[in-house]
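Each chain is listed here by its residues.
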Amino acid sequence: MSGSLLFCICLAYFVAAYFCYGGYLKRVFRIDPKNPTPAHTQFDGIDYVPTPRIVLFGHHFASIAGPGPIVGPIMAAYFGWLPALIWILVGCVFVGAFHDFAAMVMSVRNKGRSISYIMEDLMGYAGRMLFLIFCCSCLVLIVGIFTLLIAGMFVQIPAVATASLLFIGMAPLFALCSMKLGFGLKKSSFVFVPLVFLTVLIGDLLPIDLVASFGMSKQGATYIWIAVLAIYVFAASVVPVQWLLQPRDYLNSYLLYGMLVLGIVSIIAYNPDINLNAFNGWTALTADGNMTAMIPALFIFIACGACSGFHSLVASGTTSKQINSEKDLLPIGYGGMILEGILGVMALVAVMAMEPATFFEVGKNQPMAFATGIASFSAALGIPEVYSKVFISLAISAFMMTSLDTATRLGRFLWQELFMPRAKKSAENNNNEPSTIKPQMAQWRKVITNPFLAAFIIVGLSMLMALTGSAASIWPIFGASNQLMAGLTFLGITLYLMIKGANWFISFIPMVLMMVMSLWGVAQVVSQQWGQNSVLVVSGIFLFAMAVLMILLGASIMLHHLKAIYGKKEFAYAKVEND
């Protein structure tokens, strides 16, 4: 079987899954376009803004994608391409896309609140606080790490810095033209989308090279870019979404669409052979040079592309506040993850054509391995390999920026929710969903939840980690903590479906899978680093303990609901027998 035939089969599978399993989930969650969404009922012109589907899809997809669906599958390919492919196909459809869609629905049905805040309705105040602390800790580290990665890329590839700054400058201009000057979305897109691709060329012609231009060291240049990024992400987290975050992500999405189209057409035209081994054994020598067990590493390496806990924060943190109608939930929530799965399969095909010895070396730099593979295929289209490689590298870096600014805004949201008082129950709303009354806040709570102060704290903590370099040392724990977040989100989804009397087994099985694999992964990292890296050990123990507490709390609540459900059934059965 050739790489192009395998890719086309996977493509058909994803399309069928969207309509079949996606349609089933619509019925389970009772999606109704007549239900008002928080973008209308909670409209504030800053975070809650009704947004056209195509624009919001671009923002959501750009936010959740980043480099994850490329990096993870290539890392997992060291075990062989077949295990990675199976997890992407099964995980994306039945775990990841379901996870993203359900988190978005739950948030829309709860006034656009994050999944963390919804936990209070499902697991009480203690469950909410545990999940908020867990998520805030992860987001601070994510922002710190992405800042380091992007600053380093700006130094290594100055063209990326130029293109990224041009993207940022174009965003408010696009918003001005489309919203205030009367050009509308279509006309503005017709002008600005070509300019997006033009910035790639400008970046290559006019790179901002601080080392060459000012004679500073690479470390000094990195610090400068960290400072610039800190200013940008602070602004991106407090400026109304329709003026910076939303238009920048929308325009950036066309870069990723272009990369996807280039990859799909190149794979079909080139028709690459499959040279990598399908399976290399239950343990393999991975990119870090260590012998690694495939389980649980496979489920930890491939997050974006199969299932990622970070997506629940995006779906319930920013996207849910901009949903114009419930009919947009499936294409954005479920469809966005399906497209990520396609990108994950594309990343696998890109390296399948490499000889095993070549892949072992090239695969250590996953974005470069992807760019090299697709660029070699594009030669069949008559496109010079060097230009394809530069374009793909710039597209990947642009989406790292998107993940960075979205994570910062999410961090600001969660910090504010962390200090909000205990919610008070109210009557159910029109959607038959649990609702809450926003309680009066003490003055000190109003101060510490001020959007500007919250953003400053999140950015400050993240930049401190970036400057000290401690965030980079915690990178090995991130895959496990990210999947652990997905497992905990599935715990909330299971409770939600159980309370609604819906089929909760469809989320219970993914919940068990993700919790077992992620806890196993955390324990594995702690055991490997014991006595070597105290930061990793302490972080791992903290995350493990927080997760176990939430699992125990969730299990007790689940048992309570199960007793109530089956108690009612037994009572009804006994009544029928007596009658």
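In this report, the structure presented in the accompanying data block is examined.

About the thresholds
- Residues numbered from 1 in each chain as written.
- Predicted model: local features only at pLDDT ≥ 70, side-chain atom pairs only at ≥ 80, totals over all residues.
- Heavy atoms only, no water.
- Helix = DSSP H or I, 4+ residues; strand = E, 2+ residues; numbered from the N terminus.
- Buried < 20%, exposed > 50% of the residue type's maximum accessible area, 1.4 Å probe, protein only.
- Contact = heavy atoms within 4.5 Å.
- Core = buried A, V, L, I, M, F, W, Y, C linked by side-chain atoms within 4.5 Å.
- Polar contact = N/O pair within 3.5 Å; in protein donor to acceptor, adjacent residues only side chain to side chain.
- Axes fitted to C-alpha atoms, helices over the stretch in contact; angles between N-to-C directions.
- Left-handed = near helix turned anticlockwise from the far one by under 90°.
- Nonpolar A, V, L, I, M, F, W, Y, C, P; charged D, E, K, R; others polar.

With respect to the secondary-structure elements, Ser388 resides in helix 17 (residues 385-418). A residue is classified by how much of its surface remains accessible, and Ser388, at 3% relative accessible area, is buried. Contact partners of Ser388, with chain neighbours within four places excluded, come to Leu262, Ala375, Ser378 and Ile383.

Our next topic: the nonpolar core. As a rule of thumb, soluble globular proteins bury nonpolar side chains together. Among the nonpolar cores identified, the biggest contains 194 residues, and Phe29, Phe98, Met259, Tyr334 and Phe370 are the most heavily contacted of them. Ranked by residues supplied to this core, first place goes to helix 6 (residues 115-156) with 25 residues. When residues no more than four places from it in sequence are discounted, the contact partners of Phe98 are Tyr21, Leu25, Phe29, Val93, Tyr334, Phe490, Ile493, Leu497, Ile506 and Ser507.

Glancing now at the side chain of Thr199. Residue placement: Thr199 occurs in helix 8 (residues 184-205). Among the polar contacts listed, one links the side chain of Thr199 to the backbone oxygen of Val196, at a separation of 2.4 Å. Each residue touching Thr199, except ones within four places of it in the same chain, is listed here: Ala163, Leu166, Phe167 and Met170.

Remark: helix 6 packs on helix 17, axes separated minimally by 8 Å, with the N-to-C direction vectors making an angle of 145 degrees. In terms of crossing hand, the pair formed by helix 6 and helix 17 is left-handed. Here the residues of the contact of helix 6 with helix 17 are counted per class, giving 22 nonpolar, 6 polar and 2 charged.

Along the chain, Lys500 falls in helix 21 (residues 475-500). By relative accessible area, Lys500 is classed as partly exposed at 26%. Each C-alpha atom of the pair Lys500 and Phe29 lies 9.2 Å from the other, and the pair is 471 residues apart in sequence.

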